[in-house]
Amino acid sequence: MIEARGLTKTYGAKTAVYNLSFTVQPGLITGFVGPNGAGKSTTMRMILGLDEPSSGTVTVGGHPYRKLPNAPRQVGALLDAKAVHGGRSARNHLRCVAQLSGIPQRRVDEVLDVVGLREVAGRRSKGFSLGMGQRLGIAGALLGDPQILLFDEPVNGLDPEGILWIRNLMKKLASEGRTIFVSSHLMSEMALTADHLVVIGRGQLMADMSVRDFINTH
Ligand code: ADP
Ligand code: ADP
């Protein structure tokens with residue numbers, strides 16, 4: 001579903017991602033694990049065509065993202081939580097996102113239900129807790145009912161209850177057959193959430209294995 005081959009990204013003298021190759025299998029949760037600065041966000045951005053690789057290739061759903069037909073219906077992403085919260089109500093925020101992506105407005109209340117925010121949808125998202133903000137970001141990613149989901153550090157900074165909520169939501173989405181690629185700097189959290197792990201350090205692949213194999217060998 002997602003395939004990186006020799007992916008490299010340099011910023012001037014800085015190598016953020018180096019010769020990274022991995023495959024994200026359909027229908028599974030793949031945890032993308034590495035410490036802060038390892039290159040996770042850079043990789044996510046290249047998958048989404050927001051950053052150009054210096055060399056190598058990455059495809060999603062068989063195409064480079066920018067050539068993917070109907071991309072918002074195929075791939076949903078939660079990148080930076082800060083991008084979400086504004087003075088608009090949560091519902092209006094999602095209406096705008098739907099409008100921009102050509103997605104029918106009826107999807108707005110559907111995704112509010114999925115992330116459990118329907119009751120507070122009339123409130124300004126500025127006043128939301130971090131966990132609610134992340135759920136709103138996930139709602140935006142779900143608008144197009146995509147089969148492939150990319151979540152960058154969705155549980156970062158959340159309390160245990162918020163972490164559990166999002167972990168269970170990801171498991172539910174995967175049980176519906178969706179493919180999830182989720183990053184975290186917390187190996188312990190990804191071992192509880194994911195089926196498969198892609199581990200990077202300093203921009204390079206450190207491990208690519210099932211969670212079961214990881215637990216048996218560590
Ligand atoms: P992670 O998401 O794993 O924390 P990032 O992909 O954000 O890591 O960053 C990887 C490395 O690339 C870091 O050293 C970071 O400082 C660097 N980096 C990321 N984006 C840029 C940029 N736009 N310009 C320069 N360096 C960058
Ligand atoms: P519907 O008759 O409800 O549109 P479809 O077979 O067209 O059913 O769509 C199947 C799924 O895709 C549904 O979950 C629907 O919500 C979603 N969907 C349909 N059309 C769109 C669209 N234009 N944008 C995003 N999601 C859509």
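Residues numbered from 1 in each chain as written. Chains lettered and ligands numbered in written order. Predicted model: local features only at pLDDT ≥ 70, side-chain atom pairs only at ≥ 80, totals over all residues. Heavy atoms only, no water.

Going by an unreviewed UniProt entry, the chain carries the name ABC transporter domain-containing protein and comes from Streptomyces synnematoformans.

A.B. asks: A description of the site of ligand 2 should follow, citing residues and the corresponding values.
C.D. replies: Taken together, R73, I103, P104, R106, R107, E110, L143, G144 and D145 form the complete shell of residues around ligand 2. Within the side chain of R73, one N or O atom sits 2.9 Å away from a nitrogen atom of ligand 2. One of the side-chain nitrogen or oxygen atoms of D145 is found 2.8 Å away from an oxygen atom of ligand 2. Contact with the protein chains covers 45% of the free accessible surface of ligand 2, which is 520 Å². Ranked by residue count, the leading element in the shell around ligand 2 is helix 4 (residues 106–114), at three residues. Residues of the shell around ligand 2, tallied by class, amount to three nonpolar, one polar and five charged. (Near = heavy atom within 4 Å. Polar contact = N/O pair within 3.5 Å; in protein donor to acceptor, adjacent residues only side chain to side chain. Areas by Shrake-Rupley, 256 points an atom, 1.4 Å probe, with all protein chains shown as cover. Helix = DSSP H or I, 4+ residues; strand = E, 2+ residues; numbered from the N terminus. Nonpolar A, V, L, I, M, F, W, Y, C, P; charged D, E, K, R; others polar.)

A.B. asks: Tell me about the sheet that holds strand 3 (residues 29–33), and please be specific about residues and values.
C.D. replies: Taken in spatial order, the six strands line up as 5-6-7-3-8-9 in an open sheet, and their pairing is mixed. One side of each edge strand has no neighbouring strand; the edge strands of this open sheet are strand 5 (75–78) and strand 9 (204–210). Along the sheet, successive strands turn relative to each other by an average axial angle of 15°, direction set aside. Of the pairings in the sheet, the one linking strand 5 to strand 6 (residues 148–152) comprises four bridges and is parallel in character. Looking at the pairing, L78 lines up with F151 of strand 6. In the packing of helix 1 (residues 40–47) onto the sheet, the strands contacted are strand 3, strand 6, strand 7 (179–184) and strand 8 (196–201), and the crossing angle to strand 7 comes to about 150°. The strands touched by helix 5 (residues 130–142) are strand 5 and strand 6; relative to strand 5, the strand with the most contacts, the crossing angle is about 165°. (Pairing = 2+ DSSP bridges. Axes fitted to C-alpha atoms, helices over the stretch in contact; angles between N-to-C directions. Contact = heavy atoms within 4.5 Å.)

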